[in-house]
Amino acid sequence: MQSGLVKLRTQAPLYGQLVIGPPGAGKTSYCHKMQQFLEKIGRKAVVVNLDPANDNMEYTSAVDIMQLITVQDAMEQFGLGPNGALIYCVEFLETNFQWLLDQLKALDCNYFIFDCPGQVELFTHNNALKNIFTKLEQLGYHLCTVHLVESHYCVEPYKFISCLLLSLHTMLQMGLPHVNVLSKADQLREHEAKLPFNVEYYTEVLDLSHLLECMDTSRMGKKFKQLNAAIVSMVEDYSLVSFLLLDTKREQSLLRLKNAIDKANGYVYGAGEEKNINTLLACAVGAETESDRMERDIDPYLS
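Reading the values: the criteria
Every residue gets a number counted from 1 within its own chain, in the order that chain's sequence is written. Two thresholds apply to this predicted model, a pLDDT of at least 70 for residue-level local features and 80 or more for giving and counting side-chain atom pairs, whereas whole-chain, interface and lining totals are computed over all residues. Side-chain numbers come from the whole structure's heavy atoms, not from hydrogens or water. Residues with no salt bridge and a relative accessible area higher than 30% make up the patches, which join like charges within 9 Å and nonpolar side chains (Val, Leu, Ile, Met, Phe, Trp, Tyr) within 5 Å. Each accessible area is a Shrake-Rupley estimate made with a 1.4 Å probe; only the visible protein chains count as cover when residues are assessed. The term salt bridge refers to a pairing of a side-chain nitrogen on Lys or Arg with a carboxyl oxygen on Asp or Glu at a separation within 4 Å. Comment: elements are numbered from the N terminus, with helices defined as DSSP H or I runs of at least four residues and strands as E runs of at least two. Partly exposed describes any residue whose relative accessible area lies between the buried limit of under 20% and the exposed limit of over 50%, with all areas from a 1.4 Å probe on protein chains only and scaled to the type maximum. We count Lys and Arg on the positive side and Asp and Glu on the negative side, and we leave His and both chain ends out. Any pair of residues with heavy atoms lying within 4.5 Å of one another is described as a contacting pair. For every element, the axis is a line fit to its C-alpha atoms; helices are fit only across the contacting stretch, and the angle between N-to-C directions ranges from 0 to 180 degrees. The labels follow the angle: roughly parallel below 35 degrees, roughly antiparallel above 145, roughly perpendicular from 65 to 115, and oblique for the rest. Pairing between strands is defined by DSSP: at least two bridges between the two strands are required. Within this scheme, the nonpolar core is defined by two criteria: the residues are buried Ala, Val, Leu, Ile, Met, Phe, Trp, Tyr or Cys, and they are joined through side-chain atoms within 4.5 Å. In a helix, the anticipated span is given by 1.5 Å times the number of residues less one.

### Comments concerning a nonpolar patch on the surface
Here is step 1: A contiguous nonpolar surface patch, about 420 Å² in accessible area, is contributed by L165, L172, M234, Y238 and L240.
Here is step 2: The set of elements that each furnish at least two residues to the nonpolar patch consists of α8 (157–174) and α13 (222–238).
Here is step 3: Locating L240 in the fold gives a position in the loop between α13 and β7 (244–245).

Below is the structure:
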C-alpha cells in the first residue's frame, strides 16, 4: 500500500469535487453540465457515479458503482427497503475501497466529478462516504465538497433555515473544503415576488433574525419559532455557511462556480493550466477580475 501511495504522489496532482445534496437538487444534471463546461475550456474531466440507484444518468460515467452493486441487489438479497439498501451499498463500497481505487487509477485523467447519492443521512450521520474520501485524500487526491440545495427554499423562511442547518451539519461531518450552492437559480425569477429579501441576503447569509420576524407563527406555534431561533443562533455562531447561485443553463454561472471550486480544492494553485499572475492573485485573495464583474452584472440573480 505504501509503494502505491508513493507512486500516486509522484504523478500529476489529482483533483476532484464531491457533488452531494438532497434528492431533486440537480446533482446529476450539474455533473453533466460541469463536465461539458470543463472540457469546453480545455480541462479533461470524468464523472464517477457513486449512486447505486442512479438509473437515469445524463452523462457517460467513467466509473460506476452499479458495476459493483446496485440498490436492487441489496433489496433482493437482504430484504431491505430502498433507504436501507442505499446505505448498505455505500458501506459495501467502503469495504471494497480497493475496487474504486483501481478503477480511478486506470483512468487517463486527473480531475474527477463524484456524483453521490441523495440520501442526506449519508453525508450528515453515516461515515461511509466520509471515510471513502478521507482515504482518497490520504492518497493525494485534492477534494472539495459541492453541496447543492434548491434555491426555491429561499421563499419560505423555515425551509431556508433547514437548508442552513443541513449545510452546516454537512460541512462539519465531511470535513473537506466546502462550496454551498443554491441550484436551479432560474426558479428565483419565478418566485421573485415571494422573496422577503433580496438574493444577496440569502447567498451571504446576513442577519438571520430578520428571517424569524418573517415566520408565520400562527401556522406552526411558538415552540416551532423557538426551535428555529435556536438553529439560527447556532448557524450564526459557527459563521461558516454562505452560498453561490447556480443556473446550469448559463456558462457564466458555471464559470463562477468553477472558480470557487478551484480555490477550494487547490486546483488554481497546482494545475498545469496557464494563468497570468493577476488572475492567480485574484483567485488567491478572493478578488474579482474585471471580466468577473462584467459576468456578474449580466444577471442580478447570479451575483
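### Details of the side chain of K27
Here is step 1: Along the polypeptide, K27 turns up in helix α2 (residues 27–40).
Here is step 2: At 6.0 Å, D115 is the nearest oppositely charged side chain to K27, a buried residue that forms no salt bridge.
Here is step 3: With residues near it in sequence (within four places) discarded, K27 still touches V19, I20, G21, P22, D115, C116, P117, G118 and L148.

### Structural notes on the packing of α2 against helix α14 (residues 251–265)
Here is step 1: The geometry of α2 relative to α14 is characterised by a closest axis approach of 11 Å and an angle of 85 degrees between their N-to-C directions. Judged by the angle between their axes, α2 and α14 are roughly perpendicular. On α14, the residues that touch Y30, K33, M34, F37, L38 and K40 of α2 are E251, L254, L255, L257, K258 and I261.

### Considerations on the sheet that holds strand β4 (residues 111–115)
Here is step 1: Spatially, β3-β2-β4-β1-β5-β6-β7 is the arrangement adopted by the seven strands of the open sheet, whose pairing is parallel. Edge positions in the sheet fall to β3 (63–64) and β7, since each of these pairs with one other strand and no more.
Here is step 2: In terms of strand pairing, strand β6 (residues 178–183) meets β7 through two bridges, oriented parallel. For V181, the partnering residue across the bridge sits in β7 and is L244.
Here is step 3: Its contacts with the sheet place helix α7 (residues 128–138) against β1 (14–20), β4 and β5 (141–150), and it is angled at close to 145 degrees to β5.

### Considering the nonpolar core
In a soluble, globular protein the nonpolar side chains are often hidden away together inside.
Here is step 1: Counting 65 residues, the largest nonpolar core has L100, L104, F114, F133, L136 and Y141 as the members making the most contacts within it.
Here is step 2: The leading source of residues in this core is α8, at eight residues.
Here is step 3: Dropping the residues within four chain positions of it, F114 is found in contact with Q17, L18, V19, V48, L50, L104, F133, L136 and L143.
Here is step 4: Residues C31, Y59, Y111 and L148 belong to the second largest nonpolar core, which totals 23 residues.

### With respect to the environment of Q187
Here is step 1: In this structure, Q187 sits in helix α9 (residues 186–190).
Here is step 2: As a C-alpha pair, Q187 and D247 span 60 residues in sequence and 9.1 Å in three-dimensional space.

### Things to note about α14
Here is step 1: Compared with the 21 Å implied by 1.5 Å per residue over 15 residues, the 21 Å span of α14 between its first and last C-alpha is a close match.
Here is step 2: The complete set of buried residues in α14 reads S253, L254, R256, L257, K258, N259, A260, I261, D262 and N265.
Here is step 3: The first or second residue beyond α14 is G266, which carries a positive phi of 85 degrees.

### Remarks on the pattern of salt bridges
Here is step 1: In the structure shown here, the tally under the stated rule is six salt bridges.
Here is step 2: Note that D262 is salt-bridged to R43, the shortest N-O span being 2.8 Å. Of this pair, D262 sits in helix α14 while R43 sits in the loop between α2 and β2 (46–49), and the two are 219 residues apart along the sequence. R43 shares its class with D262; the two are buried.
Here is step 3: D186 serves as the salt-bridge partner of K249, at 3.7 Å between the closest nitrogen and oxygen. One end of the pair, K249, is in the loop between β7 and α14; the other, D186, is in helix α9, with 63 residues separating them in the sequence.
Here is step 4: Its relative accessible area of 64% is what places K249 among the exposed residues.

### A word on unusual backbone geometry
Here is step 1: Positive phi values are uncommon outside glycine, yet K184 reaches one of about 55 degrees.
Here is step 2: As for its position among the elements, K184 is in the loop between β6 and α9.
Here is step 3: Phi is positive for V205, which is not a glycine, with a value near 50 degrees.
Here is step 4: Structurally, V205 can be placed in the loop between α10 (199–203) and α11 (209–214).

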